[in-house]
Amino acid sequence: MADLRIDIISDVVCPWSYLGYTRLKQAIEQLGDNYRIDIRWQPFELHPDISPEGEDREAYLSKRFGSQERLNEATHALQQVGIENGITFNFSEKDRLPNTKLAHQFILAASKVDLSTPLVVALFNAHFTLGQDIGKKTKLEEIALSIGMKESDIQYAYDPKARAIVDKKIARLTSLDITSAPTYVINDKYMIHGAHSPEDFLKILNDIAEKSLLA
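Rules behind the numbers
Residues numbered from 1 in each chain as written. Predicted model: local features only at pLDDT ≥ 70, side-chain atom pairs only at ≥ 80, totals over all residues. Heavy atoms only, no water. 1 Å grid on protein atoms, 1.4 Å probe; cavity = no way out; pocket = protein on both sides within 12 Å on 5 of 7 lines; lining within 4 Å. Points joined across faces, edges and corners; volume = space filled by probe spheres on them. Nonpolar A, V, L, I, M, F, W, Y, C, P; charged D, E, K, R; others polar. Pairing = 2+ DSSP bridges. Helix = DSSP H or I, 4+ residues; strand = E, 2+ residues; numbered from the N terminus. Axes fitted to C-alpha atoms, helices over the stretch in contact; angles between N-to-C directions. Contact = heavy atoms within 4.5 Å. Salt bridge = Lys/Arg side-chain N within 4 Å of Asp/Glu carboxyl O. Buried < 20%, exposed > 50% of the residue type's maximum accessible area, 1.4 Å probe, protein only. Expected span 1.5 Å × (residues − 1). Arc of directions from axis to C-beta. Polar contact = N/O pair within 3.5 Å; in protein donor to acceptor, adjacent residues only side chain to side chain.

**Student:** Kindly report on the layout of surface pockets, identifying the contributing residues and their values.
**Tutor:** As a volume, the largest pocket reaches approximately 360 Å³. For the largest pocket, the lining is made up of 18 residues, of which Pro15, Leu46, His47, Leu61 and Phe65 are closest to its centre. In terms of residue class, the lining of the largest pocket is built from 13 nonpolar, 3 polar and 2 charged. In this structure, the second largest pocket spans a volume of roughly 310 Å³. Around the second largest pocket, the lining comprises 17 residues; the ones closest to its centre are Arg40, Trp41, Ile107, Ser111 and Ser116.

**Student:** Outline the sheet that holds strand β5 (residues 183–186), listing residues and values.
**Tutor:** Read across the open sheet, the 4 strands follow the order β2-β1-β5-β6; overall the sheet is mixed. What marks the edges here is a single partner per strand, and that holds for β2 (35–43) and β6 (190–193). Between one strand and the next, the sheet's axes are offset by a mean angle of 20°, whatever the strand orientation. Relative to β5, strand β1 (residues 2–10) runs antiparallel, the two being bridged by 4 bridges. Paired with Asp7 across the bridge in β5 is Val185. With respect to the sheet, helix α8 (residues 160–175) is in contact with β1 and β2, its orientation differing from that of β2 by roughly 100°.

**Student:** Hey, could you go over the pattern of salt bridges for me, with residue numbers and the actual values?
**Tutor:** Pairing between side chains of opposite charge can happen when their charged atoms approach one another. One pass over the structure, following the stated rule, counts 8 salt bridges. A salt bridge links Asp7 to Arg5, with the shortest nitrogen-to-oxygen separation between them at 2.8 Å. Using a relative accessible area of 25% as the deciding quantity, one classes Arg5 as partly exposed. The salt bridge partner of Arg163 is Asp167, with a shortest N-O separation of 4.0 Å. Residue Arg163 and its partner Asp167 are located together in helix α8, separated by 4 residues, close to a single helical turn. Residue class for Arg163 comes out partly exposed when judged on its relative accessible area of 42%. Under the relative-accessibility criterion, Asp167 is labelled partly exposed at 30%.

**Student:** How would you sum up α8? Please name residues and give values.
**Tutor:** With 16 residues, α8 ought to run about 22 Å at 1.5 Å a step, and its terminal C-alpha atoms sit 22 Å apart, in line with that. When we look at burial in α8, the residues that qualify are Ala162, Val166, Ile170 and Leu173. Taken down its axis, α8 places every buried residue within 70° of arc, on the same side. Turned more than 90 degrees away from the buried face of α8, the exposed residues are Pro160, Lys161, Lys168, Arg172 and Ser175. Those residues of α8 hidden inside the fold are in contact with β1, β2, α4 (101–111) and α7 (151–158). Capping of α8 at its N-terminal end is provided by Asp159; its side-chain oxygen lies 2.7 Å from the backbone amide nitrogen of Lys161. Just downstream of α8, Asp177 is the residue with a positive phi angle, here 60°.

Put into structure tokens, the structure is as follows:
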């Protein structure tokens, strides 16, 4: 039996984090019953400068990409990759790009009741497919309740302690020069960057598992 702890450093508004998890999940499903997988989500802010109220997606990202045309090209390419991986990326002129600090606090709260992965997947879907504003408290609460979190879990997400923990985690990861998402740290030892193919993820996980068993 091989134990694999996978820390996924990601942001719920990062499309490659969504793609990366989808591909990683496909690889994990091929590992079989001889593996115990422990996935833990760690916070990363893709756009740390966004105001707490969020910003217009097209206006913000057009500046980041240099022009509306470049943003459109990147968006179309992303949508095609999404189709190939079973993900529907929907974007409209009304989309908001939220500040995700509070979402990370909800993910922290969900981790205490073993619901972090369902919550993260639901947030990915809400933002990228449904076009919902996951920066709003009411929307976060609605999604949290839909995946089985309780009112007490939600209240913890608003606790100053939760915000302090998230801030501390982000600061620590920044100090380790982790500057992109998604990044995966396996068994506190192996670091992998990017949204690899399911085949590449499967090989990586098998190789690490074999090394762990031989250690």
